[in-house]
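An overview of the molecular structure
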Amino acid sequence: MQGLGSTSAVGFRYNAASMVPPKFGAYDVLEKIGAGGMGEVYRARDTRLGRDVAIKVLPDAFASDAERLGRFEREARLLASLNHPGIASIYGLESAEDRRFLVLELVTGEDLSGRIARGALALDEALPIARDIAEALEYAHEQGVVHRDLKPANVKLAADGRVKVLDFGLAKALDSDEERDKRLSQSPTLLSSPTIAGVILGTAAYMSPEQARGKVVDKRADIFAFGCVLFEMLTGTQTFQGETVSDTLAAVLKTEPNWGLLPSHTPRAIIDLLHRCVQKDPKLRLRDIGEARIAIDHARHAGDEPAAASAVATPAPRKRRDLMWAAASVAVAVLAFLGARAFTPPPPSPPVRKFSIDLPVQRGKMINEFSVALSRDGNQLAYVHSDRLWVRRLSSFDAHELAGTEGAEMPFWSPDGEFLGYLSGSELRRIPAEGGKSQIICNVPGGFTGGRQACWTEDGRVLFTTGGGGIFAVNALGGEVKEIVPLQKTEQDYHEVSALPGGRGLLYSPHLRNAGTMSLYLYADGKRKELLTLPGARVWQPRYDSSGHILFRRTPTSSGVWAVPFSLESLSVTGDPFLVEADAAEPCPAADGTLAFRHGGESGRYQLAWVGRSGRVIEAISEVTGRIGQAAVSPDGKRVAAVIEESDNMDVWVFDLARGTRTRLTFDSGSDVRPQWTPDGATLVYFNSSKGYVMSRAADGTGLERALFPGWTPSMSPDGRFVVYEIDNGIALRPFPVDTTTAPTVVVVGNPDAVQPVVSPDGNYLAYVSNESGRWEVYVTRFPSGEGKWQVSTDGGTWPRWSGRGDRLYYQFNSALSEVDVDLDGGVTLGRPHALFRGDSVGVNLNPSTNFDTSQGDRFVVNVSAGDES
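Residue indices follow the written sequence of each chain, beginning from 1 at its first position. Whole-chain, interface and lining totals are the exception, using all residues; otherwise, since this is a predicted model, local features are given only for residues with pLDDT of at least 70 and side-chain atom pairs are given and counted only at 80 or more. Computation of side-chain values: all heavy atoms of the structure, hydrogens and water removed.

1. Some details on a positive patch on the surface
Residues Arg213, Lys215, Lys254 and Lys283 make up a contiguous surface patch of positive charge. Think of it this way: any DSSP run of H or I at least four residues long counts as a helix, any run of E at least two long counts as a strand, and we number them from the N terminus. Within the secondary structure layout, Lys283 lies in the loop between α11 (268-277) and α12 (289-301). Two joining distances apply to patches: 9 Å for like charges and 5 Å for nonpolar side chains (Val, Leu, Ile, Met, Phe, Trp, Tyr), and every residue must have over 30% relative accessible area and no salt bridge. Reported accessibility uses the Shrake-Rupley method at a 1.4 Å probe radius. Residues are deemed covered only where the shown protein chains occlude them. Note on definitions: salt bridges are taken to be side-chain nitrogens of Lys or Arg within 4 Å of carboxyl oxygens of Asp or Glu. Under the counting rule used here, the positive set is Lys and Arg, the negative set is Asp and Glu, and His together with the chain ends is not counted. Taken as the charge centre is NZ of Lys, CZ of Arg, CG of Asp or CD of Glu, depending on the residue.

2. Observations regarding the sheet that holds strand β50 (residues 765-770)
Here a strand pair is declared whenever DSSP counts at least two bridges between the two strands. Strand order in this open sheet of four strands is β49-β50-β51-β52, and the pairing throughout is antiparallel. Among the strands making up the open sheet, the edge pair consists of β49 (754-759) and β52 (790-791). As defined by bridge partners, β50 adjoins strand β51 (residues 777-782) across six bridges and the pair is classed as antiparallel. Directly across from Ser770, in β51, lies its bridge partner Glu777.

3. Here we look at helix α9 (residues 219-235)
Here, expected helix span is obtained from the residue count minus one, scaled by 1.5 Å. The first and last C-alpha atoms of α9 sit 25 Å apart over 17 residues, in line with the 24 Å expected at 1.5 Å per residue. For the exposure calls, accessible area comes from a 1.4 Å probe over protein chains only, and a residue counts as buried if that area is under 20% of its type's maximum, exposed if over 50%, partly exposed in between. Counting buried residues along α9, 16 of its 17 residues qualify, which places the element largely inside the surrounding structure.

4. Some remarks on empty space enclosed by the protein
Definitions used for this entry: grid spacing 1 Å over protein atoms alone; cavity, a set of points where a 1.4 Å probe fits but cannot get out; pocket, an open set with protein on both sides within 12 Å along at least 5 of 7 lines; lining residue, one with an atom within 4 Å of a point. Grid points are joined across faces, edges and corners, and a volume is the space filled by probe spheres set on the points. All chains considered together, the criterion is met by seven cavities of 30 Å³ or more. As a volume, the largest cavity reaches approximately 110 Å³. For the largest cavity, the lining is made up of 14 residues, of which Gln676, Thr713, Pro714, Trp799 and Arg801 are closest to its centre. Among the elements of the structure, β37 (628-633), β41 (672-677), β45 (712-716), β49 and β53 (798-802) are those that each provide at least two residues to the lining of the largest cavity. As a working rule, the residues Ala, Val, Leu, Ile, Met, Phe, Trp, Tyr, Cys and Pro are called nonpolar, Asp, Glu, Lys and Arg charged, and the rest polar, with Gly in that last group. Counted by class, the lining of the largest cavity contains six nonpolar, six polar and two charged residues.

5. A word on the confidence of the model for the protein
Mean pLDDT for the protein: 80, with 81% of residues reaching 70 or above. Per-element averaging of pLDDT across the protein places helix α13 (residues 337-340) at the bottom with 38 and β52 at the top with 96. Each residue carries a pLDDT score, the predictor's confidence in it, ranging from 0 to 100. We call two residues contacting when some pair of their heavy atoms lies within 4.5 Å. Contacts for the low-pLDDT stretch residues 1-21, under 50 throughout, to residues beyond four places or in other chains number 66 contacts. Long-range and interchain partners of residues 361-369, a stretch whose pLDDT sits below 50, account for 45 contacts in this model, where long-range means more than four residues apart.

6. Some thoughts on the pattern of salt bridges
Under the definition given, this model contains 34 salt bridges. In this structure, Lys151 engages Asp149 in a salt bridge whose closest nitrogen and oxygen atoms are separated by 3.5 Å. In terms of burial, Lys151 and Asp149 fall into one category: buried. Across the pair Asp592 and Arg268 runs a salt bridge, and its minimum N-O distance is 2.9 Å. Here Asp592 is found in the loop between β33 (584-589) and β34 (595-599), whereas its partner Arg268 is found in helix α11, with 324 residues between them in sequence. For Asp592, a relative accessible area of 24% puts it in the partly exposed group. According to the relative accessible area criterion, Arg268 is buried, its value standing at 13%. Three or more residues joined by partner-sharing salt bridges are found here, namely Arg613, Arg805, Asp807, Arg808 and Glu819.

Next up, the structure:
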């Protein structure tokens, strides 16, 4: 058959009853062999040259339109110039009996759709066919011709073993770009008879997303269709399918292929090729079909190993490296992930591969949270080491450093694996994965704090959270930053956004003001939906896995990487969560079943310590423990209050520096955080997350705990007269001891947020943090009037602390501890900020969960890494 599609009556008066073939000029019509949106197709005899040809009779409506016909004639002349053994030739455009028709090369044999209908093709049968199709497309693209309707029905398996691609360029020749872009149906098969659904879907299933949206297309549309055809040959199943045309087009636009259908022995090069061909964003798609031909040749002749083969590196002796709350070694588990963890495995299951990559972290150096990223195809691992990005192919024993990525954090891959995005300071940046020039994507509003994360979506955007707001989006090539999911009143910020495939929605963890991150949420079609809540546990770092599960990190109870079944169709959880890997964090699933994660999620080795102005440890305060931080030095400098997490609780403890002992101060079920001393050292005030209240208790543990008032992050004025704290719309104060019969006095109104207040030692000024400039910065205002405002930090800042004499302010941002000279005599005069040290370079944790405190400014209480020499 020649160019089959849906049936279309074109008014051709063929006398089937008489069986007498009509004659068109020099062509005797022998039989009808097909029909489609571009006209009916007949086998005919060329009486002049004595050969059989195919005649495609153009529809009446088309042939009678002089403008369209003239345009078609010009296109037909271009198509007739194609001269390649893999392309069915166009001999001419002729007319007879008031009808216009194309004279085409007649190709006998079975079309590819008929062969696929009998079952999937073996690799040694499918790859040569795909290679010939790619070569034909390559030749045509070089001549400036795009097929636009590539599908199995337009590929002939000729009787002599050749592969011929039919109807090259006719989709465009029959219709102008301008007209076809006004409607959805760019494929000619969709132009008629929507009643024959099987045939209609056969074309819709191969449309590129840009075709389905009615946009102008180029050769990348052919590359998408080529990937669909190759996938269908290998699996026997259409890449995208649905019950109706609309369902099929929706699948093309929104869903990912079922990669689990590919044979387990499919070469890695072919899997990579398929992933790159069917990228929904043409900017991320394979750039040239010639690369497909090369990849197929490599897979056929170079002995490329199958995707399921093992590539196990022999690990070096393992020594755990620590993060803020966790170990810093990276375990890359190339698992039969689904079968090993009670998932439903795609048949047949790949064998288990599992190995660890020990990072060469020196003593005092640290790996930050969100330091691991696995490429979507499972071939490359990126990680942060010594403030720079490194990339290792899993087929190699060696990693390479990406020069120019100093200060890098939070790596994330482009969908095609060609680029890495990362955070550097207050910027999002991108760099080629093989190395090259780093380019800025955008400046990040408010900078980055605790809940930061980013992902690169299929439509070419970077979505990110900052730890200080909602979910933001920016074009991966750069542009305007937009907040696409704003915070609600009860939420402090959003953590770790990730995208579902096909643009189906976003996963994230909302950080509630009084309850932490206890839930997984979905944002889709402008609506929020709670997917999973685990009371008493933090739920974060969600990632969708192609097996049909959401992976996430759970802490502190039963800590590790967990999974919960999830349906992309209904966008709902369909089963109970279960543990995948204990004591692990940062799940990074790939489409081929590979899972990378950072091992040692909650078992870090840390201690409180005094460090000097260079970050060098002077003296340890606590024994080595796990999660510890949020230190506050007592007014006399003899005690330190800090938060320790044990089991499922975070509580305030008091360390006696002279005696070397510690005493637990709080015991209830809520998390008690952010302790601060009263000026006489007799009482501690702190925030209880379950109650949402500022609390107080005697520092020696006597008496009862008191709930003071709603609010969080309390701080005391040096004279003990006021407690200053955060409220929904800014910073307020109350007299102390607390009189709850009167309303609080608002000192600073949020613009949009004002947080982390601390009063100067003389009681006349208040330092605080606001994101009114689009980035978290430290400011000073008069206290308690709130008059005047001076910006202290210039490149981002959080958690300000005064020196004992009030002549300096310290703050932290992006792992650096900075200092600013302050002169408060007769007003506010500020010096230039300068960094004392970078915490991740000396093993000091400086982040919103640990922060620091000081007394005179010559030394600081911080959380330090207690790792060994590597």
